[in-house]
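Residues per chain are reported as follows:
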Amino acid sequence: MVCDGHLEMGTTTSYFGPELFGFLQELEVNNNREWFLANKERYEDDVRHAGLRFISDFGPHLRKISPNFVADPRPVGGSMFRIYRDVRFSKDKSPYKTAVGIQFRHKKRRDVHSPGFYLHLEPDASFAGVGIYHPDGATLRKIREFLVENPERWKRTIGGKRFREIYELGGASLKRAPKGYDPNHPMIEDLKRKDFIGFAMIPDSGITAKGFLAEYTRMCRSGAPLVEILCEAVGVSY
């Protein structure tokens, strides 16, 4: 059980205000360096500092879900993604992201393409995510092999009430069976997946509510079975 202080904090503290969504909406219209520099104080107060405080306070809750995942509140290199876009290979040269991404990664696999818990903040498009997004080829093969060897466990995990009451599976899939797999395999639709993620949409009012930390913790607990089975599939401790 989470200690009383953190439990109370999760139900009485508001981390993100309407100002966060207001800033992101305006940034989408004014995605240029001049506007951002003129409004950087708003970004620091309403977006960056709010996100880092949420990450720090979520840490004790996350450790209760799994001690192997990390809530890292460092301003650089931590759980919160940078707002600056990498435009080197993109036709879109807009310098800033218009959404906030926060990922709680495994301590042994700290890259973004490993199993984890995720929070996406965007006006009218916020969501909680669990699982693994765009795994590399070797990791994808491990997951597919695991599904072939453990079909019933996979079905119980994604079909369980604990998971289904909040999440639905999403992400990209192949149009055809992956190389080496029978197109008529009973697990073929799951074997076609390139992402193994569950997502749950959250209204803006849910993000700005005082109980959001507690609610997000509940959502992560419900999504934990998917993260756990994927950890086993790729060979890391849950």
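It should be emphasised that the depicted structure is a prediction, and the values quoted were computed from it without experimental measurement. (Residues numbered from 1 in each chain as written. Predicted model: local features only at pLDDT ≥ 70, side-chain atom pairs only at ≥ 80, totals over all residues. Heavy atoms only, no water.)

1. Quick word on the pairing of strand 2 (residues 100–106)
Here strand 2 lies mainly inside the structure; 7 of its 7 residues are buried. The pairing of strand 1 (residues 69–70) with strand 2 spans 2 bridges and is classified as antiparallel. When the sheet's bridge partners are listed, Val70 is paired in strand 2 with Arg105. Inspection of the sheet shows strand 2 paired to strand 3 (residues 116–121) by 6 bridges, in the antiparallel sense. Its bridge partner being in strand 3, Gly101 is matched across the sheet by His120. (Buried < 20%, exposed > 50% of the residue type's maximum accessible area, 1.4 Å probe, protein only. Helix = DSSP H or I, 4+ residues; strand = E, 2+ residues; numbered from the N terminus. Pairing = 2+ DSSP bridges.)

2. Focus: the packing of aromatic side chains
This model, assessed by the stated rule, comprises 23 aromatic pairs. Look at Phe16 and Phe54: their rings are 5.4 Å apart centre to centre, the planes differ by 45 degrees, and that puts the pair in the tilted class. Of this pair, Phe16 sits in the loop between helix 1 (4–12) and helix 2 (18–29) while Phe54 is found in helix 4 (residues 40–65), placing the two residues 38 residues apart along the sequence. In this structure, Phe16 and Phe54 share a single accessibility class: buried. Aromatic rings pair up to connect Tyr15, Phe16, Phe54, Phe58, Phe104, Phe212 and Tyr216 into one cluster. (Phe/Tyr/Trp six-rings, centres within 6.5 Å; stacked < 30°, edge-to-face > 60°.)

3. Let's talk about the environment of Met187
Its location among the elements puts Met187 in the loop between strand 5 (168–170) and helix 8 (188–191). The spatial distance from the C-alpha of Met187 to the C-alpha of Arg144 is 9.5 Å, given a sequence separation of 43 residues. Not counting residues up to four positions away in its chain, the partners in contact with Met187 are Leu147, Pro151, Trp154 and Lys155. (Contact = heavy atoms within 4.5 Å.)

4. Side note on the packing of helix 6 (residues 151–159) against helix 10 (residues 212–234)
Taken N-terminus to C-terminus, the directions of helix 6 and helix 10 make an angle of 155 degrees; their axes are 9 Å apart at the nearest point. What the angle tells us is that helix 6 and helix 10 run roughly antiparallel. The two elements helix 6 and helix 10 meet at a crossing, and its hand is left-handed. Facing helix 6, whose interface residues are Arg153, Trp154, Thr157 and Ile158, helix 10 presents Pro225, Leu226, Ile229, Leu230 and Glu232. Taken together, the residues that form the contact of helix 6 with helix 10 break down as 6 nonpolar, 1 polar and 2 charged. (Axes fitted to C-alpha atoms, helices over the stretch in contact; angles between N-to-C directions. Parallel < 35°, antiparallel > 145°, perpendicular 65-115°, else oblique. Left-handed = near helix turned anticlockwise from the far one by under 90°. Nonpolar A, V, L, I, M, F, W, Y, C, P; charged D, E, K, R; others polar.)

5. Digging into the pattern of salt bridges
Enumeration according to the criterion identifies 10 salt bridges in this entry. Between Asp72 and Arg74 there is a salt bridge; the shortest N-O distance is 2.8 Å. A salt bridge links Asp190 to Arg193; its shortest N-O distance comes to 2.8 Å. This pair shows no difference in class: Asp190 is buried, exactly as Arg193 is. (Salt bridge = Lys/Arg side-chain N within 4 Å of Asp/Glu carboxyl O.)

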